Every structure is written in structure tokens, then in C-alpha cells.
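Chain and residue survey
In case you want the letters, here they are:
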Amino acid sequence: MDTELLSPMKQTLWGRLAVVNFFLGGAGAGAYLVAVSLAGFSPTPLVRLALILGPLLVLAGFLSVAVEAGRPLRGPKVLRRVETSWMSRESWAGGAFIALAALDFVAPWVGWRLAAAPVALLFVLAQGWVLSNCRGVLAWNVPILPLLFLASALVSGAGVLSLAAPFGSGDADRLPLATAALILLSGFAWVAYSLWPGNRTFRQVVGGLREDSAVLGIFVVGHLLPLALLVLGRRSPALAAAAAALAGIGVLSGQLQAKARLILKMGVLRPITIASLGVRTTAEIAHGK
Amino acid sequence: MTVERIPVYCYQCVAGPDLLKVVVRDGVAVGVEPNSDFAEIHPACGKVCVRAYGLIQKLYNPNRIKTPMRRTNPKKARTEDPGWVEISWDEALDLLTERLKGIRAKGLLDESGYPRLAATFGSGGIAPAYLGTFAAFLAAWGPVDQGIGSGQGVKCYHSEHLYGEFWHRAFTVAADVPRCDYVLSFGYNGDASGGVTGVFRHAEARVRGLTWVQVEPHLSITGAGAARWVPIRPKTDAAVLFALLHVILHETDWRRTCDIPFLESMTNSPYLVGPHGYYLRDPESGKPLVWDLDRDRPVPFDDPRLAHPALEGKFLAAGVEVGADGERWSVADSARPAFSLLLHHLLPYTPEWAEGVADVPAPTIRRMAREYLEHANVGGTTDVEGTTLPHRPVAVLLGKTVTNGWGGYECCWARTVMAALVGALEVPGGILGTTVRLNRPAVNRLDSVKPGPDGFMAQPLNPTSREKWQGQPHIRNAYRTLVPLAADSPWSAALGPAHLPWLFMDSPPEHWPAPTLPDVWIIYRTNPAISNWETGRIEAGLERFPFIAAFAYTQDETNWYADLLLPEATDLESLQLYRIGGTKYIEQYWDHTGFALRQPVTAPPFDTRDITDIATELASRCGLLKEYIGAINRGAGVGVPLRTEQYDFALDPASAPSAEVVWDRVCRAATRSLTGGLAERGVEWFKTHGAYFVPFSEKRYYLHTAMKAQGLRYELPYQERIKRMGAELANRLHERAITWWDVQLQEYQPLPAWKDFPDIWAKVAVKHGRRPEEFPLWLLTSRSMQYSWGANVSLPILADVARHVTGHFGLMLNRGTAKRLGIQDGDLVEIESATGRTRGHAILREGVRPDVAVALQQFGHWATPVARDFDMPSLNQVSAMDLDLTDATGSSADVVKVAVRRA
Amino acid sequence: MRWGMVIDLKRCVGCQTCTIACKQEHALPAGIVWRFVADCEVGEYPNVRRLFLPMQCMHCANPPCVPVCPTGASRQRSDGIVFVDYGQCVGCGYCALACPYRARHLIHEAQWYFPGGPTPSEAATNQPERHGVMTKCTFCLNRVDAGLAVGLKPGEDAAATPMCSVACIANAIHFGDLDDPESPVARLIKDRGAVRLLPECGTDPSVYYLTE
Ligand code: SF4
Ligand code: SF4
Ligand code: SF4
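Summarised in this report is the structure supplied together with it. Everything numeric in this text was worked out from a predicted model, so none of it was measured.

**Brief notes about the packing of helix α8 (residues 237-251) of chain B against helix α11 (residues 338-346) of chain B**
Residue and element names in this part refer to chain B.
- Between α8 and α11, the shortest axis-to-axis distance is 9 Å and the interhelical angle comes to 115°. With respect to the hand of their crossing, α8 and α11 are arranged in left-handed fashion. For the pair α8 and α11, the contacting residues are Phe242, Leu245, His246, Leu249 and His250 in the first and Phe339, Leu342, Leu343 and Leu346 in the second.
- Of the residues assigned to the contact of α8 with α11, the class counts are 7 nonpolar, 2 polar and no charged.

Structure, rendered in C-alpha cells:
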């Protein structure tokens, strides 16, 4: 059996600003993806809204994480290793998403919007792959991470749209329903992740998702409560807009907490182990005293 | 860019000196590297340890005392800021000279007969490698009290020093690791304390297959590399050692397993002991008698026809016994060989008995004894440089706290007897002495072997006879008066009961000179307010010293109380030649010997002065130049006389030489003396080459060769001389009605018996009105290689690397114990003893006995920059300086009974 | 040619001489170590083993830190040495999280040991190009390359050998060419059955450990 020589240890390199990037990036790209799946690629208010909010959020995420880097002024250099680095790919995809949205803003054309969708999808998945390629961090180094990030991004996007709905996304009739579905999907994804098989340390770390604070913040506030609000909105249309907005807040807060926990608390460096190390004994043991 | 590599030596710990080069880039010292020029000569390939790499920071440390300072606040207390003001060197030396001249005017001794000038040099045996010619100044001065301690005794291998030199010229004892196969180490932590050479030898030996068994209460650095760890209750090592002897002598056929020829001819085993416990002697010659089995009668031990002396049995023999103060008994009674008494003495010490005392399982003890014998190779020989010598690849090593304080004598005795039984004493593979400090000549252990009484070596003991005993202590620690074994070499003052001056300061014992403080106390690289036991008491004492002149590196806890701070040039700033190689403390065994130079590697960054120049200046100002130069010419402090029959480099006593001139002469004299006059190298040569060596025969590691050559025996296992010495000392003290040393007098036993040593420490509580059960844990210390000798606690780079070694910076506790006490890793805990309290953060470990807590090294700083932020508890803060805890050699041990709880 | 190390845990005593020598060789600022020796404990009282484990960059043949680097600053040489091109690094920290061995260290900014600014030696060895970027053990490629250039043999000639190995007072750190079956490192691996850390990570490290 492998012997643990150095205990797991929290990573300290990526902090809150990185969390902001993963959260805003997911929410921004997710919002666009949800909008176009609900409304298609014509410039409906919902799509317009998503096309403004989405890139802004992604950009804000980028700026935030750039501040955390040691040499922010060299930022553009991160585009240079698309062949191998998911961070380069994430940057390209995120950048392309912003650029396409900007083009559409200046010269609206369905082509931009069509192209923006796969780019946004790639961006969200890339964020997951960024983490799942961190071999030093057990809780991230699992193949489910991109899917988890996709689910999280979509539901966050729905949350953003729900929150913004009262401000002029008139054609968002199906949004509550979609949001509810995405909440279920996200819940399913996070539960699946929390049950993902792994070694002892992994199980321990991921087990953190079952702590009271996590259950309350992520599952109750982030999933159950929004669901309940959406059902309420459906029952009493007068409350629908407010309920949707509140549900959006709940969803976003849940995903923010989930990602923060994933990066900050569960960002634990794997223990250093060695194979085949004998434990020396004191031989004749009679130390009961 | 110019890059120079400047050779110097490091002697920041007694396990040196070692050689290094300082990399100097455009005049700035930027790095340290091994001196590979001597890779073939230095026993560890010219490498240096972690501490040496701190030297660069030591040089440029902005927290240094950068220029002399004078105290302006006359009040001395921890809470009183000294009010330092900068002064020039001229003013500083004036100030000190004025005080010194005052002493000369009043008389060198005070009303109690103690020297008015005192000087304390810290860091054990290190100081001479940095002191320049300061020792020559002291020699020129006259009587100086060099016995006001800074922790020696309680912090050293005290019993080993004194008994070790007595038995086999072993100021410290080492295993002949390269030729050894089996080591039983009782707390010997050579992988942390043995320096580069120790670590190197051990590593080579482990890979070669040496089996190392570590017996100690917490799993030390050395324990980590051992094949087995045997946890033992603190201060019970003697019990296990006695049980090992018991197993060898009573559970094996010792006639087969032991080295009988060695016992018969190289020890006092066959000496007949009479009913009074003294050797039975030939009435005419006074020589001890042995029983000749061939002729069936007693004969003097050196009878040339003696072939088979009896080791056991009872023999009816006539002779005289000579006791204390010449008391004689004519006896015609049954006498027994010393060995037979040994057998009898050890009978009760069974492994089962020891298990109850030491918590070491009896089978473990039996296994250790069995393995020891299996590896002993009795009868085997090996070749050393063409000479056949016995080969006994087994050793028992002892560590600090085992080798000092009560129980130290018993452990050292048992260990040395273990070696003697199988002939593993001073032969290849066995235990060896390293150097001599009490005997002379200091540079050659083997030459210190001279025939003495009864077939043993001559011993430079302090006399205990009515005529010659020094009844009036000549310095405040009274080593000549109280400790015969401390001898009277230049080192003896530091090896006496060095805490007595502090202890007696406010409560002088009966019939003893009134305690006085020196008019001037010069301190150098010493910080007793941190390193002594019961530091609170030291601080209280320090408040009262009238004038302290401190050679100071940074502000520290002791020079906080000083009147004058003198920043002398440190390691990489000053010039000195020092003897290197041969055999030295701990584990320095070279096949070369020579001299190495320490030199300034760059212009000094601050207003510091070379201590040689300071000494010369002081001598001139005090009007002692002639005596001072005379002392240097004789070799005082410089390691080699400047004038012999072979050469003459003597300095002119009329003019004050610069350090450069002094050391140039020393370099020339040293090389001449090394080569029998053939080679001469000046200081310039040394500055480029670093060191000069000549071969040193490995045969000189082994005292055996000298003992054999002179037909001498080891004074083992029976301690007749010790017994007599103790009885005489008792007479002397009782004649003066001194009874406060009576407990110590009990140590003088011919065959030491087990006493409940742990209980001596447990009883401290009772003395202070507390119950022993209140303090269930043993607080111990352990060596931090990174910080040992303390001179680098103010260097943050050391903290940067030391934090990776567990124990820095907190209190190590057994995890189970901590759980029971509700303590979690990192919790702040309070450590309470009957006399003090301190705090620290808990570090939970498995490799600590459940009844033990460990605080590394000695910290607890409150004035030293950087170190004062460590938050590290120190045993010294809670220990009690106490005569009850002082053994006959004048030492105690680093153990304190404590309670630990969440703060 | 593949440079590698064999570290003998039977020799190491955790003294940190290698740690401090490395710090000095590379003038690492306060708080940063490229290698350190961990003080590990295995088992429970009284059956405990204490063990010192030198940790540093493993110069993995299949280094997860290199492909993740978005700028190309993290690279691997043909002789196996993995290094960071400081001028290209943005200091994003990604590689450090991809490394399973905790071997990468971001130097945020100039960091002096004393509050009043750099000491003369710190000032003389300061390397501003390393501020804000990722750093790590370089296998002392400066020494190796300079040594090779003048015909020295890394692992045998001190001047061409990594400083930790040169400084180690227990001779615990052996350096050499793993591809050369006759090299002392290759021999040690073969004769004493060396192991590597975290083989499950598939990194193929170039640092081996001798445990027995
Ligand atoms: S072992 Fe002692 S003398 Fe040798 S380098 Fe280290 S500190 Fe200096
Ligand atoms: S140990 Fe870490 S930093 Fe070094 S090559 Fe391997 S993955 Fe990269
Ligand atoms: S210098 Fe050698 S012995 Fe010391 S910690 Fe480093 S590897 Fe271990």
C-alpha cells in the first residue's frame, strides 16, 4: 500500500479572483447559450440582452483573473499555446466570444451570432478542462469537471437571464421552465460530482459538499429554493417576475458558492505518497503502559 | 564582474572546523560553497553544513551592533531600556581600560579571594577559534574568573567529559563508525549534532550495513535513520545499560562471549579488592595484587610471570588496603577480584527489573545484548596502516541528558564497561575518545597517556589530600575545591560546576566565602539569559553585575544588561589561524592535521574591529603589552609557540603588532612546527591556499596503541581511585563543616548502583510546595542542527529552512496525549513546571513518548532580533537551578517535569 | 541524454543544507525554496518511522506542467530539464496546480529578509526578471551547461553538478545521465531498486529515491 508522506495541503495560488472568473465566465457564456437555445439566433430581446451581458461578464472575469496573475501586462501571451493548453483555448474562446458579440453590436449579422454559440460552449467546457488538467489537485483532476462546468454555466446563465428578465427580455416565456430544468440538471451534476469515485483524499475533499454550509448554500439556496420560487411564479403569475428574479439570485448565489468552494476549499494539493515503504517496529512490543 | 573564492574555516559548532570558500562578487560576499580543494583531505569531502551557508547573512545582518555602544540608563532590568548611545572605539576602549586599571589599582583579587575580573566565553569549545589573541591578554592579566557559567554542565556531556578523560582520554566519546557494525545509541543524536563529518560517516556506514539501534524518549533526527527505535522513559538509561551488562554477564557464558585477555591484561578486573573496598596491595611495593591461578597465590598485578589471573572467586590473601588520607588496613581475609565484585554487583539488574524502571521490554533488552555480542567479533583483528589491531565493531553511544546530571556517571561507567567486556575500548570499530581538554598536551591525545599509579594512566586530578586540597575556592565555581575530576587545565574553569556562581549569588551556602560579583565581567559569544537553566534567575543576577563589557553581535538577552557593547569583527571579517584535523570533538577523525586560516572576505560593512587588534590595544592601554606579547610568544591563544629551538618568530614585546603581523608569525611558526622545520608559509600564502596539512596516522585514533606501548591498564570496571577521592573530599569538606555537598559525595562509588534518578527531578515539585502528580510530563530538549550553538538565531534565512524540520517552532507532543488533553495541532499551550511557565504552539507527533514533550534547542528570546518573534518555548524558562539537581561533577540535565494544557 | 537524480533516503538526515545551498545558488528571496526536505512520520506510536524526503522538481519526462502553460514559458529541453522562460511567463499559476509534486513557486515580488530593504548580498543578487513569474528547480542548468561547455562531467565534477548535490553533507543526492546505463545514477537505480513518487500520475519523473 502507498504510504502518505506529505499530507494534502490547500493550494494558495488561485484565490477569489479566479473564482470570479470561473463564475462570471460561466454565467456570461451560459446566458448566451441559454438565450439562443430558447430564442434562436434572431435578435430577439432575450438574445440581445444575452449578447450584451454575456461578453461583459466574460470580460469582467478575464480582467479579474488577470489582476491575480503575476505579470498582468503580459496577459496576451496566454493565447500562444492553443495546441496544448486549455488556458490558451479558454482565452481564445472567451476572446472570440467577446469579439463576435462586439461585431454583432457594431454590424448585426446572424453569422456572428451563429458562430458565437459554439465558441461560448467551447469556452465553458474549456474552463472545466483547465481545472481537470490540474494533476496536482485531486478534486479538479476528474473527467466530469467540464460537464459540471457546462451544467453550472447553463444554470448560471439562466439565473442571469431570470434576474435580468424584468428589464426587458419580453420574449422570455419559456425561461422559467428552462431555468427549472437547468436547476435540475445542475443539481444532478453537482450530486454526481460529489459521488465521483476517487481515492481517500479525493473522497474526503469532495465530501465537503455534504457539509451543512455547503448543503444550505449550494443545494438549498442554489437549487431547491429557486425551484420552489419558480413553481410559485407559475402558480401566481402576478408574482412571476419577482419570483423569477429571486430565483435567479438564488441560482447565482448557489453556483458562486459552489465554484468558490471548489476552487478555494476543495483546491487541495494531492498528498505525496510513496510505494513500498516499511514501517520500522520497535520489535518486541510490550508498551501497553 | 570579478568573482573571487576566498577560503576560510567554519567553527560555528564544536563538530568542526570545516572548510569552505566564500564567493565574493565585485566585493560583495554572495555565497558559500564547499572547499573542494580539500575534498581528498577533509573527512566529509570539504563540505560544510547548513549553518555555514548562513554566514553571508551573518555578515550583512542589518540588526548587528554596528559600532560600540555605551549604556546610559543606569537601571538594569528587562523592563528598562538600556539607552544605548553610539561611541567611538577610542571612547569604548577608554571606558573599559579605566575599569580595568581600577582593578589593578585595587588588587586583582577581592575580599573573598575571587578575581575581580571575570570573563565568560560561550559556545563550548568554539570560542578559541574566533577569539584571536584575546586569551593572551587574559594570560597577561593574571587571575581571571572564567567559571561563571552560561549553561555548561546542564547543556553538555558533562559526566562524559570528566569520566571520559579519566578512563580513556575521551573528552567526548565517538564510535569508530567507519569500522563499526553495531551501535546502541542512548539518545546520541550525532546526525543533528555531529556536524558535517558526523553526518557523512553515519550515512556511509548506514549504506554499508551498520545496524543502529536508537534508545530515546522521542524519535530524534538520528533515530530517523536508525534500524530500530526503542522508546525509553527519560533518565532511566542507566537501568537499561545495567540490564545489558546483567544479560552479558549472567545470561551468557561470559568466559566465552567476553574478551578475557583484554579484561585480564588491560583492565583492573583481576585486581583483588579487600573488605574495605580498596585494592589489596603488596605491603612492600604497594602494588595491587591479583590472584595467580597457576601459582595459586597473590602476586603484584605486573608480575612478569603472571599468565592466568583470577577474574572470579574468593581468595584468602594477605596484604594492605589503603583508604582515604593514607588510612591503611592490614588484612588477611578473603578478597575478591574486581571482576567478581562486578558480577555480584550486577546480579539484581535483570531485564525484567529494567523493564519496570525504563518501560523498555525485557526481550528488547535481551535482543540488544545478544546483538551486541554477536557483532563484537571478540578475538578478531584488522589492519590499520600495516599494523594489526583488535577489531571490535560494536559501540554504545550516549547523548546529552544521558551523559550529564544525576545518572550520568552510572551511564558513562556502564557504557565504558560494556566496551571493556568485549575489548571494544579504543580499538578499531569500538568506542574512541575524540580529544582531550583536561589532559595535556591538548593537541595529542595519545601523548597525554603517561604511566600513573597502580598500572593505570596518570591523572591530573585536583588534589583532595589534607595538604594539597584547595580549601579556599580560587574562582566562584570552585571546581578545584569541589570537583577533583575537573582537573586544572585552562578548560577546567568552564568544566566546573559553572552554575554555582549564579546559585550562590543570593543564597550562599554555609562555611563558604561570601559571594561577590566581579568588578568587570567580559562576555563573548555567550547568552546565559537564554542558555543557562532557570533563565529568570539569571536575569535577576545580571541586574546586579556592576560592569559588563560584552562583545556583541546583536542586541541579546544578556547584553541587555551590559554597560558596554563591543562589536568585534565576526567570522568572515577577522583574521585567525586555527588548528584543524587530527581527531577532534564529536566525530572529526582526519587522516591529516594542520592549520587553516579565517580571513576577512570583504571590507567590513560596519564599524567593527578584529578582536586581535582589540586585545593588543587593551594590553597596551593597561600597560600589559610586554606580558601580552610574551604570552603570544609562548603560544597562548594562538595555538603554537612563536619561539622554539627550531625556529624563532617571536614578536617584539616593546611594540604593538597589527593582527596581520601577529598571524603572519603564527602561520610561519605553525607550518614550521608541523613539518619539523621543513616548511614555512606566511599569512599571504594561507590567504590564497586556506590551509596547510601534513598526514596524520589513523593509528593515532586508538589509545590502545599508546596503552599497549606503555603497558597500561584502563581503570575499569572498579573505581577504587574514585572511591578514595570521594572519601577524602568528604573529609575535607566535613573538616570545614560543609555538609551541603553531601548528596554529591554519594556519587563516588567504586561500582555505581542504580538510584531512582527520575525521582530526583520529580521531587522538585515537593520542594516548591506542589505535588509531583501535578506535573505528569517530561519536558526534554533535542538538537536543532540549524540553530545549534545559537549564534545564528537572528538570521532569518535559517528560519526559512529550519521550519521544514519538525519541532521548529513549537512544542512537540505525542498525538494520543494531546488528544487526551484536548490539544490540537497548532493550539497555543501553556507549559507549567513547579517553578515557571511558558507558552508555545503544539506540534503533534507519533514519535514522542506519551509522557514526554520536546522543545528543541533553547529559544525563548525576547531581545534578540528575529528570534524574539519565534514564539518558541524554552525548557530553560521552566527549569529549576538547584543544588539537589547537581551531581558530583557539577552538572545537571535538561529534564523538567511539567504539565501542558491549552492556553 | 536525460539528466536525473537519485536521492538516497538512507543517507538523508533532513539537515536542509541542500535547501539553503539551493536558495543561495539561485538567490531565492525570503520565503521561497525550490527544494526542501520534508520531515515525515509514518505509523503510530511506538511503531513509528521518521523519514526525510527531499522534494523538488522531478523534471518529469512527461511533465503535466508544460502542456498546460498557456504562454509556452514552461518548456522541456531535449536533455529532460524542465524550465521556465521567465520573460514569457504571465505568472498565472496554472502549471503549479498541474504539478503533482508541489514543485513550482511563484515569486510575487521582491522580498527582502529584513524590513529595511535589501542587504548588500541581496541587492547584488536580486533578479527582477523573476518577480511575478513562476520559478522552480532548474536542475541547476546554469551549472550543467557551463560545465559541459568547458568539458566537465555533470554529476562528477562539482562545478557542473546541481548545487544541492554538491552541498549535501551526506552524499545523498546523485546526479547524472539516466540514459547511460553505466552512469552511477543508472547503476544505483538498478542495484538498489529505486522508486519514484506518485507513479499513478503518469509523469515519469527523473528523480528517483532509494528507500532501502
Ligand atoms: S558542522 Fe559546525 S563547523 Fe562544520 S560547517 Fe557546520 S557549523 Fe561549521
Ligand atoms: S515535478 Fe512538477 S514542475 Fe517539475 S517537471 Fe514534474 S510536473 Fe513539472
Ligand atoms: S543536504 Fe543531504 S542530508 Fe541534508 S537534507 Fe539535503 S539531502 Fe538530506
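Moving on, there is more to tell.
**Looking at the interface of chain A and chain C**
- Contact with chain A, which involves 48 residues of that partner, is made by 53 residues of chain C.
- Summed over both sides, the interface between chain A and chain C buries roughly 4,100 Å², with carbon and sulfur atoms accounting for 61% of that surface.
- Applying the counting rule to chain A against chain C returns 0 salt bridges.
- Inspection of the chain A/chain C interface yields 25 residue pairs in polar contact (both at pLDDT 80 or more).
- When contributions to the side of chain A that touches chain C are tallied by element, the ones reaching two or more residues are β1 (3-6), α3 (86-106), α4 (110-132) and β4 (272-274) of chain A.
- Tallied by class, residues from the side of chain A that touches chain C come to 23 nonpolar, 16 polar and 9 charged.

**Some details on the site of ligand 2**
- Around ligand 2 lies a shell of 13 residues, among which C:Cys57, C:Cys60, C:Cys65, C:Cys99 and C:Arg104 are the nearest.
- When its residues are assigned to classes, the shell around ligand 2 shows 10 nonpolar, 1 polar and 2 charged.

**Focus on helix α13 (residues 362-376) of chain B**
All names here are of chain B.
- In a regular helix each residue adds 1.5 Å, so 15 residues correspond to 21 Å; α13 covers 21 Å between its end C-alpha atoms and thus fits that length.
- Of all the positions in α13, only Ala362, Thr364, Ile365, Met368, Ala369, Glu371, Tyr372, Leu373 and Ala376 are classed as buried.
- Positive backbone phi, approximately 60°, marks Asn377, located one or two places after α13.

**What about unusual backbone geometry?**
Residues and elements named next belong to chain B.
- Looking along the chain, the bond that leaves Leu716 and enters Pro717 is cis, with omega of 0°.
- With respect to the helices and strands, the residue Pro717 is situated in the loop between α23 (703-710) and α24 (720-735).
- A cis amide bond, omega 0°, links His808 with the succeeding residue Phe809.
- Summarising the element assignment, Phe809 is placed in the loop between α28 (796-802) and β27 (811-814).
- The phi dihedral of Arg169 is positive, around 50°, even though this residue is not glycine.
- Tracing the sequence through the fold places Arg169 in the loop between α4 (158-168) and β7 (173-175).

**Observations concerning the site of ligand 1**
- Every residue near ligand 1 is listed here: B:Cys10, B:Tyr11, B:Gln12, B:Cys13, B:Gly16, B:Asp18, B:Val48, B:Cys49, B:Arg51, B:Gly195 and B:Val196.
- For the shell around ligand 1, the per-class residue count stands at 6 nonpolar, 3 polar and 2 charged.

**Digging into the packing of aromatic side chains**
Residues and elements named next belong to chain B.
- Evaluated as defined, the whole model comprises 64 aromatic pairs over all chains.
- Pairing Phe504 with Trp512 gives two aromatic rings, centres 6.3 Å apart and planes at 75°, and the pair type is edge-to-face.
- On the basis of relative accessibility, which here comes to 12%, the residue Trp512 falls in the buried class.
- Between Phe859 and Phe870, the ring centres sit 5.9 Å apart and the planes meet at 70°, which makes this aromatic pair edge-to-face. Note that Phe859 is positioned in the loop between β30 (852-854) and β31 (895-902) and Phe870 in the loop between β30 and β31, a separation of 11 residues in sequence. Neither Phe859 nor Phe870 differs from the other in exposure class; each is buried.
- By the ring-pair criterion, three or more aromatic residues cluster together here, those being Phe121, Phe134, Phe137, Trp141, Tyr524 and Phe551.
- Stacked on the ring of Trp84, the Lys or Arg Arg71 has its end atom at 5.9 Å from the ring centre.
- Cation over ring: Arg525 sits above Tyr130, and NZ or CZ is 4.4 Å from the ring centre.

**Observations concerning the pattern of salt bridges**
Residue and element names in this part refer to chain B.
- This model, assessed by the stated rule, comprises 85 salt bridges over all chains.
- Arg366 is the partner of Glu251 in a salt bridge, and the nearest nitrogen-oxygen pair spans 2.7 Å. Taken as a pair, Glu251 in helix α8 and Arg366 in helix α13 lie far apart in primary sequence, 115 residues in all.
- Accessibility expressed as a relative area gives 36% for Glu251, which makes it partly exposed.

Each value, and the rule that gives it
- Residues numbered from 1 in each chain as written.
- Chains lettered and ligands numbered in written order.
- Predicted model: local features only at pLDDT ≥ 70, side-chain atom pairs only at ≥ 80, totals over all residues.
- Heavy atoms only, no water.
- Axes fitted to C-alpha atoms, helices over the stretch in contact; angles between N-to-C directions.
- Helix = DSSP H or I, 4+ residues; strand = E, 2+ residues; numbered from the N terminus.
- Left-handed = near helix turned anticlockwise from the far one by under 90°.
- Contact = heavy atoms within 4.5 Å.
- Nonpolar A, V, L, I, M, F, W, Y, C, P; charged D, E, K, R; others polar.
- Buried area = accessible area lost by both parts, 1.4 Å probe.
- Salt bridge = Lys/Arg side-chain N within 4 Å of Asp/Glu carboxyl O.
- Polar contact = N/O pair within 3.5 Å; in protein donor to acceptor, adjacent residues only side chain to side chain.
- Near = heavy atom within 4 Å.
- Expected span 1.5 Å × (residues − 1).
- Buried < 20%, exposed > 50% of the residue type's maximum accessible area, 1.4 Å probe, protein only.
- Phe/Tyr/Trp six-rings, centres within 6.5 Å; stacked < 30°, edge-to-face > 60°.
- Lys NZ or Arg CZ within 6 Å of the ring centre and 35° of its normal.

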